[in-house]
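An overview of the molecular structure
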Amino acid sequence: MDTTESSMTNLFLQLGLPAGKDDIARFIREHQLPEALLISEAPFWNDGQRQFIREEWREDADWAIVVDELNEALHADAVAARVAQG
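This text gives an overview of the structure that appears in the document. Owing to the predicted nature of the structure, the values given are computational and were not obtained by experimental measurement.

Moving on, we get to the overall build of the protein chain. What the protein chain contains, in helices and strands, is five helices and zero strands. When the elements of the protein chain are put in sequence order from the N terminus, they spell out α-α-α-α-α. The C-alpha radius of gyration computed for the protein chain amounts to 13 Å, which stays within 12% of the reference 12 Å derived for 86 residues, consistent with globular compactness. Along the longest, intermediate and shortest principal axes, the C-alpha atoms of the protein chain span 45 × 30 × 20 Å. In the protein chain, which comprises 86 residues, the share counted as buried stands at 35%. Contacts in the protein chain between residues far apart in sequence, at least 24 positions, make up 59% of those at least 6 positions apart. For the protein chain, the accessible surface area stands at approximately 5600 Å², while carbon and sulfur atoms represent 50% of it. Computed over 7 positive and 17 negative side-chain charges, the inter-centroid distance for the protein chain is 7 Å.

With that settled, consider the packing of aromatic side chains. Think of a pair of aromatic rings as described by two things: how far the centres are apart, and how the planes are tilted against each other in angle. Applying the stated criterion across every chain yields a total of five aromatic pairs. Between the aromatic rings of F44 and W45, the centroid separation amounts to 4.8 Å while the plane-to-plane angle is 65°, which identifies the pairing as edge-to-face. For F44, a relative accessible area of 25% gives the class partly exposed. On the accessibility criterion, W45 (4% relative accessible area) is buried. Ring centres of F52 and W63 lie 6.0 Å apart, and the angle between their planes is 70°; this geometry places the pair in the edge-to-face category. Linking F52 in helix α3 (residues 47-58) with W63 in helix α4 (residues 62-74), this pair joins segments that are eleven residues apart in sequence. Residue F52 shares its accessibility class with W63, and that shared class is buried.

What counts, and at which threshold
Residues numbered from 1 in each chain as written. Predicted model: local features only at pLDDT ≥ 70, side-chain atom pairs only at ≥ 80, totals over all residues. Heavy atoms only, no water. Helix = DSSP H or I, 4+ residues; strand = E, 2+ residues; numbered from the N terminus. Rg over C-alpha atoms; globule rule 2.2 N^0.38 Å. Buried < 20%, exposed > 50% of the residue type's maximum accessible area, 1.4 Å probe, protein only. Contact = heavy atoms within 4.5 Å. Areas by Shrake-Rupley, 256 points an atom, 1.4 Å probe, with all protein chains shown as cover. Lys, Arg positive; Asp, Glu negative; His and termini not counted. Charge placed at Lys NZ, Arg CZ, Asp CG, Glu CD. Phe/Tyr/Trp six-rings, centres within 6.5 Å; stacked < 30°, edge-to-face > 60°.

Listed below in structure tokens is the structure:
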């Protein structure tokens, strides 16, 4: 049984990414996605990361909430642009 707390920091660690507060903010800022692109289809994931994201989201596992938060953050610029267009 995995008892790791599902947090953004731990998600980044699970994905093998730098997980400091500044690292996470930089990653989100530098990897914004078009609104129509699924987080699991983003070109910057490797196969293992992509599989983890798909499985956790599909299974609505504990990580799904944090993956959803990351999804929203990675689409924030595209959503804001759409809203600004009216």
